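Listed below, chain by chain, are the residues.
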Amino acid sequence: MLRMSDWNTNIIEEFRANEGRVGGPFEGAPMVLVHHRGRKSGKQSVTPMMYLQDEQDPGLVYIFASKAGAPTNPDWYYNLTTAGSGDAEIGTETYPVTVTEVTGADRDRIYAEQARRFPGFAEYEQKTAGIRTIPVLALHRS
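Residues numbered from 1 in each chain as written. Predicted model: local features only at pLDDT ≥ 70, side-chain atom pairs only at ≥ 80, totals over all residues. Heavy atoms only, no water.

Student: What is the right way to look at the pairing of strand β2 (residues 44-53) in this model?
Tutor: Two faces belong to every sheet, and in a regular strand the side chains alternate between them. In terms of strand pairing, strand β1 (residues 31-37) meets β2 through 7 bridges, oriented antiparallel. Note on β2: the bridge partner recorded for L33 is P48. Between β1 and β2, which pair antiparallel and follow one another directly, the connecting turn spans 6 residues, one of which, G42, has a positive phi of 75°. Linking two consecutive strands that pair antiparallel, namely β2 and strand β3 (residues 60-64), is a turn of 6 residues. (Pairing = 2+ DSSP bridges. Helix = DSSP H or I, 4+ residues; strand = E, 2+ residues; numbered from the N terminus.)

Student: Just checking my understanding: could you explain unusual backbone geometry for this structure?
Tutor: Excluding glycine, residues mostly carry a negative phi; peptide bonds, for their part, are mostly trans. Positive phi, close to 50°, is recorded for K67, a residue that is not glycine. Take K67: it is sitting in the loop between β3 and α2 (75-83). Positive phi values are uncommon outside glycine, yet A68 reaches one of about 55°. Topologically, A68 is positioned in the loop between β3 and α2. Given a relative accessible area of 44%, A68 falls into the partly exposed group. (Buried < 20%, exposed > 50% of the residue type's maximum accessible area, 1.4 Å probe, protein only.)

Student: Sorry, what's going on with the environment of V99 here?
Tutor: With respect to the helices and strands, V99 occurs in strand β5 (residues 93-102). Measuring from C-alpha to C-alpha, the distance between V99 and P48 comes to 16 Å, with 51 residues separating the pair along the chain. Sequence-distant contacts of V99, defined by excluding residues within four places in its chain, comprise L80, G84, S85, G86, L137, A138 and L139. (Contact = heavy atoms within 4.5 Å.)

Student: I keep staring at the environment of Y62 and nothing clicks. Help me out?
Tutor: With respect to the helices and strands, Y62 occurs in strand β3. As for Y62 and A138, which are separated by 76 residues in sequence, their C-alpha atoms are 4.6 Å apart. Ignoring sequence-local partners within four residues, the contact set of Y62 consists of M50, Y51, L52, D54, V102, I110, V136, L137 and A138. Of note is the side chain of Y62, whose polar atom sits 2.7 Å from the side chain of D54. (Polar contact = N/O pair within 3.5 Å; in protein donor to acceptor, adjacent residues only side chain to side chain.)

In structure tokens form, the structure reads like this:
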């Protein structure tokens, strides 16, 4: 059985070998590698995820703590919100970002757009209904 860390390692290797593009279930999807430090362990980690580019600000992307519709938030969500910063790797460029959580109507609008573009996100939201609201984080190029 493939562990999540092995799955992520394979995606990261493919991302870096192909200037930020990956195939399989992520074929054609905008992908970012988010670098973050463990809030408890202090260990550096890299997590691949899909993002949504802000339509007005090219230095702003949104990521979604969906955890494929699991009942809990992913660890990286807590690492990023605790630190308030990290690094984003998009294409062949890596740069520092500040991290803020998007809430309320803005969160709902951004999440709805991601779900419209990638229906899997609508499924994740259905799975978490009544359990948790999937957080949306803004990564601002700093």
